[in-house]
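Here's the letter readout for the chains.
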Amino acid sequence: MGHKYDWASIPSYIPKVMKAFPLTIEILLLSLLFSLIIGALVAVGALSKNKVAGAVAKGWISFMRGIPTLVLIFLLYLGLPQLMNALGVNMSGISKTTYIVACLALSTSANMAEMMRAAYLSVNKGQREAAYSVGMKPFTAFRRIVFPQALGVAIPTLGNNIIMLFKETSLAFTIGVIDILGRARSLSSASYGTNRLEIYIATGLIFWAVCFILEKLTKLVEKMYTKGRKQAAS
Amino acid sequence: MIINFRFIAESIPKLLGAIPITLLMAFASAVIGWLLGLGIALIRKNKVPVLSQIFAVYVSFLRGVPMIILLYISYYALPNIIYSYGVSIGREINVDAVPAVAYAIIALVLEQSAYASEIFRSSLAAVDEGQMEAAYSVGMTKTQALARIVLPQAMTIALPNLSGLFLGLVKGTSLAYYVGVYEITATANLLAMPALNFIEAYIMTTIIYELISFIFNKIFRAVENNLKKFRAVAA
């Protein structure tokens, strides 16, 4: 005890940890893409008049909101291969990064679905009716009239969801993926943990900086996108 | 046999026994964190010089850093800080006696205070200015107006977001595993390890978390409905 910290060394760890940044970004972008796809399917289910689809979508959203991402990771990474093995399917060829992308995409899909549903419902019904009345088909009306307005409503939430997702990529280390936190941990164990606090603070600063940039970007995109557009009535 | 039912029967009591520590972390962090959050929101709303700038950075930092890193920082930095403080007042404090759950709660409190302060800030802003003026006009002091008129309305507006924050907090406690707290997730892992009963352990864990979320969701909904009486005025 009475350990002395070397605060001045914190900046020197940032470039070392940043070496794993491309992997973190890869995980972020892939899970973002898949969460949007799954989220769109779930949102369509939640909005449809079909009762079964509605119930499945609602069940999906509440299940994914109830389970901690860490437990989902353990369930899929440690549990699922055992189950599949017993059924004669070998899952050992799947990379750890794939598991992380799958888990993050699944857990974020619920938030994405809720975001899309709320944005869709915020667009005035009359907009769609007006599009039909000038002879547009339902899909054209959605693509050209409803979607552009819903997107404007969804941008702030989307930005927030991306920030949350980015922070959740930090869980990749739990199954041994060397993302930025994984790299921070291996740097700290390489020096027997003597500089671990300095390394974690450096990693925290990286996350903070990226979140800050993402937040500013969201504001910028929102401003550019909604400029000159009539706000969708909520 | 794919699923080992004997393992399930034997581990259920142990997993259920870990629920209190998860709930303790969640409740303690919510109560302390939200009170701090309210204080921060009031400081920032009233634009108290210096403090409001400090808290702007505080909130931004805590919202930008993942929980797991906050846990590590709290776990590795605090024992030293406590020890050094002990030395400065001339006492040798045995920091090993401080349970890991205390560090986890501190990290969770910090995070909760940041998120809650943003929720309170926007809900305070959502209460009409006229409400405060009306309270002044009938002779209330600022504290009275805040406590009796503005806060009840702001709380009602904040509640749906607070319920989301709390459910996220319950899920976040699962990370305390990494600083050595034997809450639900850690217990499941510990039980599963010897015979590699992962699928059973994590299915049970999932069910427990889903039930906890479900119950708290119902409770918050009931409270929201109950508080609607304040809302009618606020609208």
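Residues numbered from 1 in each chain as written. Chains lettered and ligands numbered in written order. Predicted model: local features only at pLDDT ≥ 70, side-chain atom pairs only at ≥ 80, totals over all residues. Heavy atoms only, no water.

**Here's the deal with the overall build of chain B**
A tally of helices and strands in chain B yields 10 helices and zero strands. N-terminal to C-terminal, the α/β element order of chain B is α-α-α-α-α-α-α-α-α-α. Referenced to the eigenvectors of the C-alpha coordinate spread, the extents of chain B come out at roughly 75 × 50 × 25 Å. Across the 235 residues of chain B, 49% fall into the buried class. (Helix = DSSP H or I, 4+ residues; strand = E, 2+ residues; numbered from the N terminus. Buried < 20%, exposed > 50% of the residue type's maximum accessible area, 1.4 Å probe, protein only.)

**Focus on the overall build of chain A**
Summing up its helical and strand segments, chain A has nine helices and zero strands in all. Going from N to C terminus, chain A has its helices and strands arranged as α-α-α-α-α-α-α-α-α. Seen along its three principal axes, the alpha-carbon backbone of chain A occupies a region of about 75 × 50 × 30 Å. Taking all 234 residues of chain A together, 43% fall into the buried category. Of the contacts formed within chain A by residues at least 6 apart in sequence, a portion of 77% connects residues at least 24 apart. (Contact = heavy atoms within 4.5 Å.)

**Quick notes on the packing of helix H5 (residues 96-122) of chain A against helix H7 (residues 138-168) of chain A**
Describing two packed helices takes the angle between their axes plus the distance from one axis to the other. Residue and element names in this part refer to chain A. Two elements in contact, H5 and H7, have axes separated by 8 Å at closest approach and are oriented at 145°. Relative to H7, the crossing made by H5 is right-handed. Together, Leu 104, Ser 107, Thr 108, Asn 111, Met 112, Met 115, Ala 119, Tyr 120 and Ser 122 of H5 and Phe 142, Val 146, Ala 150, Val 153, Ala 154, Thr 157, Leu 158, Asn 161, Leu 165 and Glu 168 of H7 make up the contact between the two elements. Partitioned by chemical class, the residues of the contact of H5 with H7 number 12 nonpolar, six polar and one charged. (Axes fitted to C-alpha atoms, helices over the stretch in contact; angles between N-to-C directions. Left-handed = near helix turned anticlockwise from the far one by under 90°. Nonpolar A, V, L, I, M, F, W, Y, C, P; charged D, E, K, R; others polar.)

**Topic: the interface of chain A and chain B**
How large an interface is tends to be reported as the accessible area lost when its parts come together. Contact residues are listed per partner, giving 41 residues for chain A and 39 residues for chain B. Interface of chain A and chain B: buried area, both sides summed, is about 3500 Å²; carbon and sulfur atoms make up 72% of it. Scanning the region where chain A abuts chain B turns up zero salt bridges. Here chain A is connected to chain B by nine residue pairs in polar contact (both at pLDDT 80 or more). Ranked by residue count, the leading element in the side of chain A that touches chain B is helix H9 (residues 196-226) of chain A, at 11 residues. Its residues assigned to classes, the side of chain A that touches chain B shows 27 nonpolar, 10 polar and four charged. (Buried area = accessible area lost by both parts, 1.4 Å probe. Salt bridge = Lys/Arg side-chain N within 4 Å of Asp/Glu carboxyl O. Polar contact = N/O pair within 3.5 Å; in protein donor to acceptor, adjacent residues only side chain to side chain.)

**Some thoughts on the confidence of the model for chain B**
Residue and element names in this part refer to chain B. For chain B, per-residue confidence averages 91 on the pLDDT scale, and 97% of positions sit at 70 or higher. When the elements of chain B are averaged for pLDDT, helix H10 (residues 228-234) gives the smallest value, 62, and helix H2 (residues 19-45) the largest, 96. Scored by ipTM, the complex comes to 0.89, with pTM at 0.90. (pLDDT = per-residue confidence, 0-100.)

**Here's the deal with the packing of aromatic side chains**
Tallied over the full model, the rule gives 22 aromatic pairs over all chains. Between Phe198(B) and Tyr202(B) the ring centres are 6.4 Å apart and the planes differ by 5°, which places this aromatic pair in the stacked class. Pair noted here: Phe198(B) and Tyr202(B) are both in helix H9 (residues 198-226), with a separation of four residues, about one helical turn. Judged by its relative accessible area of 7%, Phe198(B) is buried. Accessibility expressed as a relative area gives 0% for Tyr202(B), which makes it buried. Members of the aromatic cluster, connected to one another through ring pairs, are Phe74(A), Phe173(A), Tyr200(A), Tyr72(B), Tyr75(B), Tyr76(B), Tyr103(B), Tyr177(B), Tyr178(B), Phe198(B) and Tyr202(B). (Phe/Tyr/Trp six-rings, centres within 6.5 Å; stacked < 30°, edge-to-face > 60°.)

**Quick look at the nonpolar core**
Trp34(B) and Phe166(B) are the most contacted members of the largest nonpolar core, which has 135 residues in total. The residues touching Phe166(B), leaving out its near neighbours within four places in the chain, are Ala26(B), Phe27(B), Ala30(B), Trp34(B), Phe216(B) and Phe220(B). (Core = buried A, V, L, I, M, F, W, Y, C linked by side-chain atoms within 4.5 Å.)

**Some words on helix H2 (residues 21-47) of chain A**
An α-helix turns once per 3.6 residues; consequently, residues spaced three or four apart project the same way. Residues and elements named next belong to chain A. Over its 27 residues, H2 extends 38 Å from the first C-alpha to the last, a length consistent with the 39 Å expected when each residue adds 1.5 Å. For H2, the set of buried residues is Phe 21, Thr 24, Ile 27, Leu 28, Ser 31, Leu 32, Ser 35, Gly 39, Val 42, Ala 43, Gly 45 and Ala 46. The inward-facing, buried residues of H2 abut helix H1 (10-18), helix H3 (51-66), H5, H7, helix H8 (180-190) and H9. (Expected span 1.5 Å × (residues − 1).)

**Remarks on the pattern of salt bridges**
Residue and element names in this part refer to chain B. For the structure on display, the rule yields six salt bridges over all chains. Among the ionic pairs, Glu 118 bridges to Arg 44, the shortest N-O distance being 3.3 Å. Of this pair, Glu 118 sits in helix H5 (residues 100-126) while Arg 44 sits in helix H2; the two residues are 74 residues apart in sequence, bridging distant segments of the chain. Members of the salt-bridge network, linked through shared partners, are Arg 44, Arg 63, Glu 118 and Arg 121.

**Let's talk about unusual backbone geometry**
Residues and elements named next belong to chain B. If you check the backbone angles, Lys 47 has positive phi at about 50° while not being a glycine. Mapped onto the fold, Lys 47 is located in the loop between H2 and helix H3 (51-64). Even without being glycine, Val 50 reaches a positive phi, approximately 65°. Among the secondary structure elements, Val 50 is positioned in the loop between H2 and H3. Classification of Val 50 as exposed rests on a relative accessible area of 57%.

**Observations regarding H5(A)**
Look at H5(A): 39 Å from first C-alpha to last across 27 residues, which is about the 39 Å you get at 1.5 Å a residue. Approximately 35° is the largest bend angle found in H5(A), and it occurs at Ser109(A). (Bend = angle between axes of the 7 residues up to and from the residue.)

**Notes on the side chain of Ser163(B)**
Residues and elements named next belong to chain B. For Ser 163, the position within the fold is in helix H7 (residues 142-172). Take Ser 163: its relative accessible area is 9%, and that puts it in the buried class. Here Pro 160 takes part through its backbone oxygen, which lies 3.1 Å from a polar atom of the side chain of Ser 163. In contact with Ser 163, not counting residues within four places along its chain, are Phe 220 and Glu 224.

**Thoughts on the environment of Leu35(B)**
Among the structural elements, Leu35(B) can be located in helix H2. Remark: the alpha-carbon pair of Leu35(B) and Lys218(B), spanning 183 residues in sequence, is separated by 23 Å.

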